[in-house]
Structure formats: structure tokens, C-alpha cells
There are 2 protein chains.
Amino acid sequence: MINKNVMKNKRVGIIGAGPSGLAQIRAFEALKDQGYVMPEIICFEKQENWGGMWNYSWRTGVGKYGEPIHGSMYKYLWSNGPKECLEFSDYSFDEHFKKPISSYPPRPVLFDYIQGRIKKSNAREYIRFDTTVRWVSFDEETQKFSVVLDDLKIDKTYTEELDFLVVASGHFSTPNMPYFKGIENFPGTVMHAHDFRGADQFIDRNVLIIGSSYSAEDIGVQCYKHGSKSVTLSYRSNPIGIDWPEGIKELPLVTHFEDDTAFFKDGTTEKYDAVIMCTGYKHKFPFLPDELRLKTKNNLFPDQLYKGIFFNQLPQLIYLGMQDQYYTFNMFDAQAWVARDFMMDRLELPSEAERRFDMDRWLKKNNELESSIDNVDFQSDYIKDLLALSDYPHFSVDKVAEMFKEWLLDKEEDILTYRDKTYQSVVTGTMAAQHHTDWMDELDDSKERYLYAAEEEEFIPERI
Amino acid sequence: MINKNVMKNKRVGIIGAGPSGLAQIRAFEALKDQGYVMPEIICFEKQENWGGMWNYSWRTGVGKYGEPIHGSMYKYLWSNGPKECLEFSDYSFDEHFKKPISSYPPRPVLFDYIQGRIKKSNAREYIRFDTTVRWVSFDEETQKFSVVLDDLKIDKTYTEELDFLVVASGHFSTPNMPYFKGIENFPGTVMHAHDFRGADQFIDRNVLIIGSSYSAEDIGVQCYKHGSKSVTLSYRSNPIGIDWPEGIKELPLVTHFEDDTAFFKDGTTEKYDAVIMCTGYKHKFPFLPDELRLKTKNNLFPDQLYKGIFFNQLPQLIYLGMQDQYYTFNMFDAQAWVARDFMMDRLELPSEAERRFDMDRWLKKNNELESSIDNVDFQSDYIKDLLALSDYPHFSVDKVAEMFKEWLLDKEEDILTYRDKTYQSVVTGTMAAQHHTDWMDELDDSKERYLYAAEEEEFIPERI
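What counts, and where the lines are drawn
Residues numbered from 1 in each chain as written. Chains lettered and ligands numbered in written order. Predicted model: local features only at pLDDT ≥ 70, side-chain atom pairs only at ≥ 80, totals over all residues. Heavy atoms only, no water. Core = buried A, V, L, I, M, F, W, Y, C linked by side-chain atoms within 4.5 Å. Buried < 20%, exposed > 50% of the residue type's maximum accessible area, 1.4 Å probe, protein only. Helix = DSSP H or I, 4+ residues; strand = E, 2+ residues; numbered from the N terminus. Contact = heavy atoms within 4.5 Å. Pairing = 2+ DSSP bridges. Axes fitted to C-alpha atoms, helices over the stretch in contact; angles between N-to-C directions. Salt bridge = Lys/Arg side-chain N within 4 Å of Asp/Glu carboxyl O. Buried area = accessible area lost by both parts, 1.4 Å probe. Polar contact = N/O pair within 3.5 Å; in protein donor to acceptor, adjacent residues only side chain to side chain. Disulfide = S-S within 2.5 Å. Least-squares fit on C-alpha atoms with pLDDT ≥ 70 in both. Domains from an automatic or database assignment. Nonpolar A, V, L, I, M, F, W, Y, C, P; charged D, E, K, R; others polar. Expected span 1.5 Å × (residues − 1).

## Topic: the nonpolar core
- If you look at the biggest cluster of nonpolar residues, it comprises 128 residues, and the most contacted ones within it are Phe257 of chain A together with Tyr327 of chain B.
- Considering each element in turn, this core owes the most residues, 10 residues, to helix α5 (residues 329–343) of chain B.
- Sequence-distant contacts of Phe257 of chain A, defined by excluding residues within four places in its chain, comprise Phe180, Lys181, Gly182, Ile183, Phe186, Leu208, Ile210, Ala262 and Val275 of chain A.
- Within the second largest apolar cluster, 127 residues are counted, among which are Tyr113, Val221 and Phe395 of chain A together with Leu253 of chain B.

Structural data, given as C-alpha cells:
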């Protein structure tokens, strides 16, 4: 007989109310609906609202209360992968929007979707907003975490004792910003992608973007779309290498700057008005003692985490979403459900040595990956491994993997039109709608325009 | 007989190696030279070099290791008060530069001066660079502070037990950034003065500066000097009200923005390319539990601090430089010498109630201040009060006060030429040199140009 009472008097702390933290809350709620007694759940969120990265803020640097800004989100961000690859398997896009929508919605639409699921429950009651974690310690004797919190609104610190600690604070918030000789005398704007809030201020400007990651690609294309005079992407090892439209080009790495001139490895020199460093992020957990810190580069299988979740030396310490990501919302869900089952005593972990053995197997596979397609397959296998461990509603991971591979080709074929493609949901089977406007022609990213504009559009003779 | 051995085995922690923290180290060194046994002194500095605000960084947002950037320093910053008002009384400008220099040197020259004094000793050995304080607690039983440190370079946390804690982390690092309706859709650059790194990116732009403090005045004038198309200063209560040159004007507070248009209280509307918020800073001590935090607005006598230094409920907790400042380096010195004497058992503090009484007296006076001249007199009285308590070399505070008052008039008379005036040192009696170039014509703020250019200048016929 299942003991539905096992979590009585246990306390779970969740750091962050973004997609991962909310997934954890949702996972508990799902069991509550089955009659289980819940532990006490407290979620600490630094921002004044939930949504994590999807909660857009105009602010940069530090926020209202002087805490480092979490968000790296910018205006005019549209999903850069098909929404069918991230769909919650327990809350479909159809359920939320009541009609088919396109495969690449803009940020406010995805934010709306994330909120839709969590608003069905009382999740908000678990969350303490404007609350930042200052310091965590773990008491070996009591086997409890002691967490120092700072209630930013009333400038008050206090401590909570917890049995489990879920770190869901993300890893796209702390910029990695390398130094290039002479950058200190560059007269124009110098910023990291973290502080980019939209292309408007770069209209008619010559923009240099350093990096060849998704940020570089997306910010570069946005600047082009919104009217920058020119966009140069500078790569360290390999160019993105697709067929760029006129106005965007790739050059090898900058060696140094002299005034407003950038010097590149191949001898090219060019003048710029702005430099945007899309040079990645650091996993940073200033609130944890270093022996509990996940120390990793951004990759598909961070060391130290069993099943990519449990801190191996102390599995009561749980990390969500710390992987580099193809899968996003649905991966956080799959992780959160497994984490929940461990916390609820529904899942027993093997010994530390066995866990280490399992981790090493994954790490070895991870080290052998060569192409983006390998990466997709690796993360798909990882998701399958997780799905087998919990009752998170299964979905066809293989079909999602296929979509990712198509998406990779779409982007390579035409970076300006791939967002006009449509995909089929693995949750509902629904085919995405063709959007009312081609992505390149759509400068308005509001939810209202996205969801309703087409229906209200005036009579357009050409369409007859 | 004086017991020169009293500090044996005592440990002092200093947070920050800026002008205040370095003053504290210098104060101890001065007694060491008299044969006293020093306590163990450890200074924790988040940046990779000393100098605090005077250690310029091109970075904004967060630094190399993801910590919030301390500095609000910008290129082309020249002292905005006569250097004779901040001169160390134990290390004159003459001693450092070996020749008279002008009264308003640029940042690199003042930075050089600060370093000159401290380089005479082994101060660097006390300082742990790239080290940030995570959390402080105080043990009532042992009467010791427990300080959690984070060695950013090696990503390692550790704890130190200390008898005294000197908080010298400044209060011009955490921006106060108010929200104005519509600012989230302003298409141009939006930044706080904290992130301003020089006027270069605002050449030919229409710049809106919100604020009427020293930052607003100085950043506005710099933008004007370096070629902004127009500068508007927007004030909340009172305009700076001086006779601005054509190209700078003052308007009342912004009510809201629509796209790139700002709406002002008086009905004016105007379009801008950039908004710089010179809206002040917050006293912020995230590493302290709130019962040990100084909670104050920026003013000349923060409550909670006896003699503006000792946290009244726990005088082993010392704050330096937390006042709004007319006096700067010499005030930090005067405070550090008094703090040192308390820590070295050379100065006994009265009872908590007597201290409270003294503080209330100062607070009452502070509340009655009306004009800038009143403020200067208040802070001069405060400095005199401190000087009477220690052996910091006395200087004529009255003469410095007179200089401050002249300076206020100079600025009012002509904001563009006040930096060409000269003053006389109260430490050495030396009259400042007339600088080789008028401030408005000097676009190069390097130490080399400042100190040596005149001597190397080519033959200029007009000067004959």
C-alpha cells in the first residue's frame, strides 16, 4: 500500500519561479490531485513576478532593489525553435489557446502559455516574490538546509530550515564577458547580450556581434530585421556558416580594437558603432557554499548531477534545468517529476557509487558528440531516461527529435524564413497554423497582434 | 603607561579597499610606525585592484566573475571640487607630485595620488583581491563576527572569525532607478549614471538626463563638452538653476514617455535619443543581516552611527564614509583614525544611551540644514569633532570650508570654467598651478597629458 502521508512535516525550498521552479510546483500539485499529503513548499523568487527568463524587464544591470537583473530577455524575441518541441505534455497549446497557433510564437505568447498551466492551481501561494537567497548551509547532523532569505520589499532577513532544496535559478543570467585589447577605448555602446533589450537603438548603426551561439544568431538577425546598417558576427572557432542575407556577414575573431575600429584575425579591419558580446553565460550560485555548488560549463550533461538533477554527494540538493538546452519546458517537467518522486519517497536512488557509474556513462557519451544532430539525439535519450522514472505524461520523444533535426535544416536553408514553417503537436496531433504575417514583415510582437490581428484585418483585395 | 600590545591576537576585517578601506589600513600603519603591535588586518576587495570608485572599469552590469560592478566612474571625469578640499593631511599633493598641479585634476591623477600614500607601506599585503563577502553573522557569546568569503578567482568559499568589522564598501554602487510610464518602450539607450562610461556614444545625440544632483550636472556638462546635440536636465523638486550655456537646459520632471518622446510636467514634449538617469544610489549591504545593516538615505548624518562611524547597538561594527560628501578623502581619514583608536583601546566610547544622545544632537542639527552653505558648515563641524578625538594631523577645517563656499559660487558663476580656478593647500600652503589648458578645451584626461604635456608643448607663437 502506498503511503500518501510520507511528506507530512517535510519542507521543500525551491529557488526561482521560472519555468523550472514552476514545473516543480506543478509536479507536486499533480500528486496532490491524487490525494497525497504535500510537503510544505516554499518558492523564493527574486523578481516581482514569476516566469524567470520569460518575465521581460526593461531594466538592465540591477533591479529595483539593487539585485543583479535575472532576465536576458529582449523585445521582439520570437521562439527560435518550434513550440511543438517544448510543449507541456500535461497542458497543450490547444488547451491554452483554444485554436491552432503558429509554430514560432513571440515571447508574450509563450509567457502566457507558461502562466496558463500554473494559474489553474494555487501555485502563487507557494511563492515569496521579491525574495532573494543570501546564503545556504547544510547541517550534517540534522540533515537540514538552513537558508538565509532577504525580503527585498521590507529590507528584512530571516532563515528557513528545509529538508530539500531545489535550485531552479537558471544559468542564462550571469554574463561571460571576455576582454579584448582596446575595448576600454571603444567609443560606442559595448554590451553583453544579457543587457540587450531590442534592436531599436541599433537602427542605422553598424553592429559588431561577438559570438556564434543562438544569441549571436538571433540578435544579429533581429538587428538586420529592424534596420541596422550592417551586422558583423565574429566567431572564435567556427562560423555559423549559413547563407546570410546581404547586410549580415561573418568574420573570424576580433584580435583587438583601436578607437572605433575592430581588427579581425584575418587582417580585416572595420569601424563599428556598437559591440554586442554574445559570449555566453556562467553557471553562478553565489548563495551556495562552494562544496554544494554546481561547477560546470554550459553543456548537455553537467558533471556532479545524477540523472542531471541530483547533486551526487547530497541528493537532497536538486538542480533543475542546468543543461544546455534543445528541450526546454518539457525537459524541466521531466526533471521536476523525477525530483518530486524522490522527495516524496516514491523513487529510491541507488548508492552514490552506482550513481557515479551512471553519470560517467552519460559523460562519456556526451564527450563523444560531434554534430548538432548528435546533440539532439543525446538529449532525446536523456529525456527518455527521465520519462521512464516517473508518471509525467509520456510523449513521442522520437518525433520531437525529428522536428529538431528538421528545424536545424530549416534554419540553415533560410535564417529569415524558418519561423514561417509549421509543425505538428506530439501532444494533440494538431498541425500548427500558418501565421497571418511572414515573420520578416512582422515588427509587432504583442500577444494581441499575434492572436487576433488576422481576424480583425481589413479587406485586402490581393488575397481574393 | 600606554599598553602597545593590546591588539595581540585580535583580528580586524575591512570590507573594501577604496579610499575608506585604504584610510583604515593607513591609520593602523601610522601607529605601527610608533611601535604598537598591530592586530591582524584582513581587507576583502571584490575588485582585482584597490581604489574603489577610483579604479575605473570599462565593464558595466557585472564583472569578470559575475559580481555586480562596483564602479560608477566614467572617462573624462575631472574632480568636481578643488583637490585642496580633500587633501590627505599626512600626505600632501606636493609630496606626491613634486610640483604644484591644478586644483581640478582628472581621475587618473587623483587615483595616482591615492595610491602614492598607500604604496609607501606594505598595505597591499593585507588585501585579498577578487574576494567578495557573502554573509556576516555575529555571535553574541564569543562576541566575534563570522564572515563568509568567496574567493572569486578559484571559486572557493571560506569563513573568517573577526573581532572588528569595518564596512568600507561605499554607497555609490547600487543605482536607484525609478520607473517612468512608457520607459519600457523608449527605443534609444536607457541607462543609470552607474553605467555611464563617457560621453563618446552620445556625440550628436539629444540626451535627456533625469536628476539634479552632482552626477546630473557633471554628466550633462560632459555630454555638452564632448559634442552632444542637446542636453536636457529634468528635475524633481528644484532646478540646479545656474546660467546654462546654449545647448543645455533644465525642465521639470518627466511624467511619462511615448516611444522616443518625453512628456514633462510643464506640458513640454521633446524627442530624445538617450535617457541617462542620475537618480542617485542606495546604501546596500546584502552581506549583512538586516539587524546589522545601516538603513539610511544619502544624507550628512545617517542615523544608527555614533560619530558617523560606530553602529550604535554594536560598536565593533564600524562604517566608514557612509555620509553624503563634501569632504571626502580627509573625512575618511578622520573617521578611520578614530575607528582605529577605538579598536586599539586608545579611545573609550561612552554608554549606548550617551551615544544615542550625541547622535540625536547631530540629527537635530542635520534636520535644520537649509542651504548648501549650511551643509558645508555642518560637515565641517563634524570633521572638527572627529579631529578632536584622534591624532590625525590637524588641518584648518575653517579654511577648507571657505574653499567649499567659494567653489559653490564658482560653479554658479560659470559651470564651464569653474575648473580653471586655483586654490591654496591648507596642508602645505602651496598655491595650485594654473593648468596648461582650459578645461573646456581639454578632451584628453590622461595622467601623461595632464602632468607633462605643457612642458613638451611645441612653440606656440600667440603665447609670446
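## Here's the deal with the sheet that holds strand β6 (residues 156–162) of chain A
Residues and elements named next belong to chain A.
- Pairing within the open sheet is antiparallel, and its 3 strands lie in the order β4-β5-β6. Across the chains shown, the open sheet's two edge strands, defined by having one partner strand only, are β4 (131–139) and β6. Geometrically, the sheet is characterised by an average inter-axis angle of 20° between neighbouring strands, direction not taken into account.
- Pairing of strand β5 (residues 144–151) with β6, which is carried by 7 bridges, proceeds in the antiparallel orientation. Residue pairing in the sheet places Val148 in a bridge with Thr159 of β6.

## Overview of the pattern of salt bridges
- This model, assessed by the stated rule, comprises 80 salt bridges over all chains.
- A salt bridge links Asp303 of chain A to Arg356 of chain A; the nearest nitrogen and oxygen atoms lie 2.8 Å apart. Here the residue Asp303 of chain A occupies a position in the loop between β17 (281–282) and β18 (305–306), and Arg356 of chain A occupies one in helix α6 (residues 352–367), the gap between them amounting to 53 residues.
- In this structure Arg356 of chain A comes out as partly exposed when scored by relative accessible area, which is 27%.
- The residue Lys421 of chain A makes a salt bridge to Glu413 of chain A at a minimum N-O spacing of 3.9 Å.
- Take Glu413 of chain A: its relative accessible area is 60%, and that puts it in the exposed class.
- Linked by salt bridges that have partners in common, Glu67, Arg134, Asp150 and Asp155 of chain A together with Lys284 and Arg293 of chain B make up one network.

## Some details on the interface of chain B and chain A
- With 45 residues of chain B in contact, the opposing surface of chain A contributes 45 residues.
- The largest contributions to the chain B side of the interface with chain A come from Trp58, Trp135 and Asp155 of chain B, which together make up 17% of the buried area.
- Our count for the chain B to chain A interface comes out at 8 salt bridges.
- For the salt bridge of Asp290 of chain B with Lys156 of chain A, the shortest nitrogen-to-oxygen distance reads 3.6 Å.
- For the pair chain B and chain A, the number of links is 24 residue pairs in polar contact (both at pLDDT 80 or more).
- For the side of chain B that touches chain A, the secondary structure elements donating two or more residues are β4 (131–139), β5 (144–151), β6 (156–162), β8 (174–175) and β9 (189–192) of chain B.

## Overview of the state of the cysteines
- Summed over all chains, the structure comprises 0 disulfides over all chains.
- The structure places no disulfide on Cys223 of chain A, whose sulfur is separated from the nearest cysteine sulfur, that of Cys278 of chain A, by 8.7 Å.

## Considerations on the sheet that holds strand β9 (residues 189–192) of chain A
All names here are of chain A.
- Strand order in the open sheet formed by 5 strands is β9-β16-β10-β11-β12, with parallel pairing between adjacent strands. Unpaired on one side and paired on the other, β9 and β12 (248–252) mark the two borders of the sheet. Pairwise comparison of adjacent strand axes, ignoring direction, gives a mean angle of 20° for this sheet.
- By the bridge criterion, 4 bridges tie strand β10 (residues 206–210) to strand β16 (residues 274–277) in an arrangement that is parallel.

## Points about the environment of Lys181 of chain A
All names here are of chain A.
- Relative to the helices and strands, Lys181 is located in the loop between β8 (174–175) and β9.
- Assessed through its relative accessible area of 58%, Lys181 is described here as exposed.
- For the pair formed by Lys181 and Val254, sequence separation is 73 residues and the distance between their alpha carbons is 9.4 Å.
- If sequence neighbours within four positions are ignored, Lys181 has contacts with Thr255, His256 and Phe257.

## Topic: the relation of the copies chain B and chain A
- Under the fitted operation, chain B is carried onto chain A by 0.0 Å of movement along the axis and a turn of 180°, and the coordinates agree to an RMSD of 0.0 Å. Read as a symmetry element, the transformation amounts to a two-fold axis. Ranked by how close their C-alpha atoms come to the rotation axis, the residues of chain B are headed by Gly61 of chain B, at 2.1 Å.
- Counting the interface residues of chain B, we find that 100% of their copies in chain A are interface residues as well, pointing to one common contact surface.

## A few points about the domain arrangement of chain A
All names here are of chain A.
- Here the domain parsing of chain A yields domain 1 (11–173 + 281–407) and domain 2 (183–277).
- Counting residues at the interface gives 22 residues for domain 1, matched by 15 residues for domain 2.
- Of the roughly 1,400 Å² buried where domain 1 meets domain 2, counting both sides, 46% is carbon and sulfur surface.
- On the domain 1 side of the interface with domain 2, the three residues burying the most area are Tyr74, Tyr76 and Tyr281, jointly 44% of the side's total.
- Summed over the shared surface of domain 1 and domain 2, the number is 1 salt bridge.
- Linking Asp200 and Lys75 is a salt bridge whose minimum nitrogen-to-oxygen distance equals 3.8 Å.
- If you look at where domain 1 meets domain 2, you find 14 residue pairs in polar contact (both at pLDDT 80 or more).
- Among the residues making up the side of domain 1 that touches domain 2, the classes are represented as 12 nonpolar, 8 polar and 2 charged.

## What about helix α4 (residues 214–226) of chain B?
Residues and elements named next belong to chain B.
- Its 13 residues give α4 an end-to-end C-alpha distance of 18 Å, which sits within 8% of 18 Å, the value for a rise of 1.5 Å per residue.
- Extensive coverage of α4 is indicated by the burial of 10 of its 13 residues.
- What α4 keeps buried is the set Ala216, Glu217, Asp218, Ile219, Gly220, Val221, Gln222, Cys223, Lys225 and His226.
- Phi turns positive one or two residues past the end of α4, at Gly227, with a value near 110°.

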